[in-house]
Amino acid sequence: MARNKHPEETVNLILSVAFRLFMEKGYEHTSIQDIIDHLGGLSKGAIYHHFKSKEEILIAVSDRMTAESNQMLADIRDRSGLNGKEKLKTIFKESISRPVQNDIFTVAPDFHNNPKLLFSLLHDTIDNAAPNYILPIIKQGISDGSIETDYPEQLAELILLAANVWMNPMIFDSSVEESWRKFHIFGQMLKGFGLDILDEEMLERLKELASIYEKNKIRQE
């Protein structure tokens, strides 16, 4: 295959291949040569023309993974006609309903073999998603009376860490039953803050995603 003359297409190809390999083999066990071997004839020079190191590729992969999610969060944050509580419920519903979630849980990245990806997830949650998307919604909810808390910053972090990390079966290798229990406890915790925003439809969807992960894990064993 001739060298791709379109830089954007080349970058997208590199990131797509790297994402798949990072998910399947783990970042630490994926070499630059592994990525080259799956690029259909592109040279090592094509990679180093765009990325100085494997870590730069990881950063770009992580950025691409979070970009779509963050855009969704921004759209809901800025949506008119919803109070703060309603926006949080909309975020949960749209987040778990996205078709890409099926792909992620099917690929089922092993975060034990991907510590850098796990760190990237934690970094984006605390330094970006919580303060830039969830916190403004909580502050709106305090103003409109739909959310009650004296600690909006901490609540924003707690909600996202619980949803994205603690409840993520790919991080703790949780069974469907274990995940189901976590989902219910998370819902009870939110109710304690006056946020009755998880319904049975969402819980069934979360159970479906956990089942996809568990089936894929069994298939790989």
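Our subject is the structure that appears above.
Residues numbered from 1 in each chain as written. Predicted model: local features only at pLDDT ≥ 70, side-chain atom pairs only at ≥ 80, totals over all residues. Heavy atoms only, no water.

Thoughts on the overall build of the protein
Here comes step 1: A tally of regular secondary structure across the protein gives 11 helices and zero strands.
Here comes step 2: Overall, the protein shows an N-to-C arrangement of helices and strands of α-α-α-α-α-α-α-α-α-α-α.
Here comes step 3: Dimensions of the protein, computed from the C-alpha atoms along their principal axes, are close to 60 × 40 × 25 Å.
Here comes step 4: Across the 221 residues of the protein, 44% fall into the buried class.
Here comes step 5: At a minimum sequence separation of 6, the contacts of the protein that also span at least 24 residues come to 69%.
Here comes step 6: Treating the 25 positive side-chain charges of the protein as one cloud and the 34 negative ones as another, the clouds have centres 4 Å apart. (Helix = DSSP H or I, 4+ residues; strand = E, 2+ residues; numbered from the N terminus. Buried < 20%, exposed > 50% of the residue type's maximum accessible area, 1.4 Å probe, protein only. Contact = heavy atoms within 4.5 Å. Lys, Arg positive; Asp, Glu negative; His and termini not counted. Charge placed at Lys NZ, Arg CZ, Asp CG, Glu CD.)

Structural notes on the side chain of Thr90
Here comes step 1: Position of Thr90 relative to the elements: it lies in helix 5 (residues 84-97).
Here comes step 2: Residue classification places Thr90 among the buried positions, given a relative accessible area of 16%.

As for the pattern of salt bridges
A side chain with one charge may pair with a side chain of the opposite charge, provided their charged atoms come close.
Here comes step 1: In this structure the tally under the stated criterion is seven salt bridges.
Here comes step 2: A salt bridge links Lys93 to Glu201; the nearest nitrogen and oxygen atoms lie 3.9 Å apart. Taken together, the residues Lys93 in helix 5 and Glu201 in helix 11 (residues 200-220) connect sequence positions 108 residues apart.
Here comes step 3: Classification of Glu201 by relative accessible area gives exposed; the value is 52%. (Salt bridge = Lys/Arg side-chain N within 4 Å of Asp/Glu carboxyl O.)

Focus on the packing of aromatic side chains
Here comes step 1: If you walk through the whole model with that rule in mind, you get one aromatic pair.
Here comes step 2: The cationic tip of Lys207 hangs over the ring face of Trp180; the distance from NZ or CZ to the ring centre is 5.1 Å. (Phe/Tyr/Trp six-rings, centres within 6.5 Å; stacked < 30°, edge-to-face > 60°. Lys NZ or Arg CZ within 6 Å of the ring centre and 35° of its normal.)

Here's the deal with helix 5
Here comes step 1: Across its 14 residues, helix 5 extends 20 Å between first and last C-alpha, which sits within 8% of the 20 Å expected from 1.5 Å per residue.
Here comes step 2: Buried within helix 5 we find Gly84, Lys87, Leu88, Thr90, Ile91, Phe92, Ser95 and Ile96. (Expected span 1.5 Å × (residues − 1).)

Focus on the packing of helix 8 (residues 152-166) against helix 10 (residues 176-192)
Here comes step 1: Packing of helix 8 against helix 10 brings their axes to within 11 Å, and their N-to-C directions diverge by 175 degrees. Taken together, the axis directions place helix 8 and helix 10 in an arrangement best described as roughly antiparallel. Contacts from Leu158, Ile159, Ala162, Ala163 and Trp166 of helix 8 reach helix 10 at Lys182, Ile185, Phe186, Met189 and Leu190.
Here comes step 2: Class assignment of the residues belonging to the contact of helix 8 with helix 10 gives a composition of nine nonpolar, no polar and one charged. (Axes fitted to C-alpha atoms, helices over the stretch in contact; angles between N-to-C directions. Parallel < 35°, antiparallel > 145°, perpendicular 65-115°, else oblique. Nonpolar A, V, L, I, M, F, W, Y, C, P; charged D, E, K, R; others polar.)

Some thoughts on the nonpolar core
Here comes step 1: Core analysis: the largest hydrophobic core is formed by 62 residues, its most contacted members being Phe22, Ile57, Ile159 and Phe186.
Here comes step 2: Those residues in contact with Phe186 that sit more than four places away from it in its chain are Phe92, Ile159, Ala162, Ala163, Met167 and Leu198. (Core = buried A, V, L, I, M, F, W, Y, C linked by side-chain atoms within 4.5 Å.)

Comments concerning helix 10
Here comes step 1: Helix length check: helix 10 (17 residues) gives 25 Å between terminal C-alpha atoms against 24 Å at 1.5 Å per residue, within 8%.
Here comes step 2: Along helix 10, the residues that are buried comprise Val176, Ser179, Trp180, Lys182, Phe183, Phe186, Gly187 and Leu190. Projected down its long axis, helix 10 carries its buried residues within an arc of 160 degrees, all on one side. Pointing more than 90 degrees away from the buried face of helix 10 are the exposed residues Arg181, Gln188, Lys191 and Gly192.
Here comes step 3: Two residues or fewer past helix 10, Gly194 is found with a positive phi of approximately 80 degrees. (Arc of directions from axis to C-beta.)

Some details on the layout of surface pockets
By rolling a water-sized probe across the atoms, one finds the places where empty space is left.
Here comes step 1: Here the largest pocket is characterised by a volume of approximately 1100 Å³.
Here comes step 2: Along the wall of the largest pocket there are 47 residues; nearest its centre are Ser69, Arg98, Gln101, Leu121 and Asn164.
Here comes step 3: Here the lining of the largest pocket gets nine residues from one element, more than from any other, and that element is helix 4 (residues 54-77).
Here comes step 4: Residue composition of the lining of the largest pocket, by class: 31 nonpolar, 11 polar and five charged. (1 Å grid on protein atoms, 1.4 Å probe; cavity = no way out; pocket = protein on both sides within 12 Å on 5 of 7 lines; lining within 4 Å. Points joined across faces, edges and corners; volume = space filled by probe spheres on them.)

Thoughts on unusual backbone geometry
Here comes step 1: Despite not being glycine, Asp173 has its phi angle at roughly 55 degrees, a positive value.
Here comes step 2: Positionally, Asp173 belongs in the loop between helix 9 (169-172) and helix 10.

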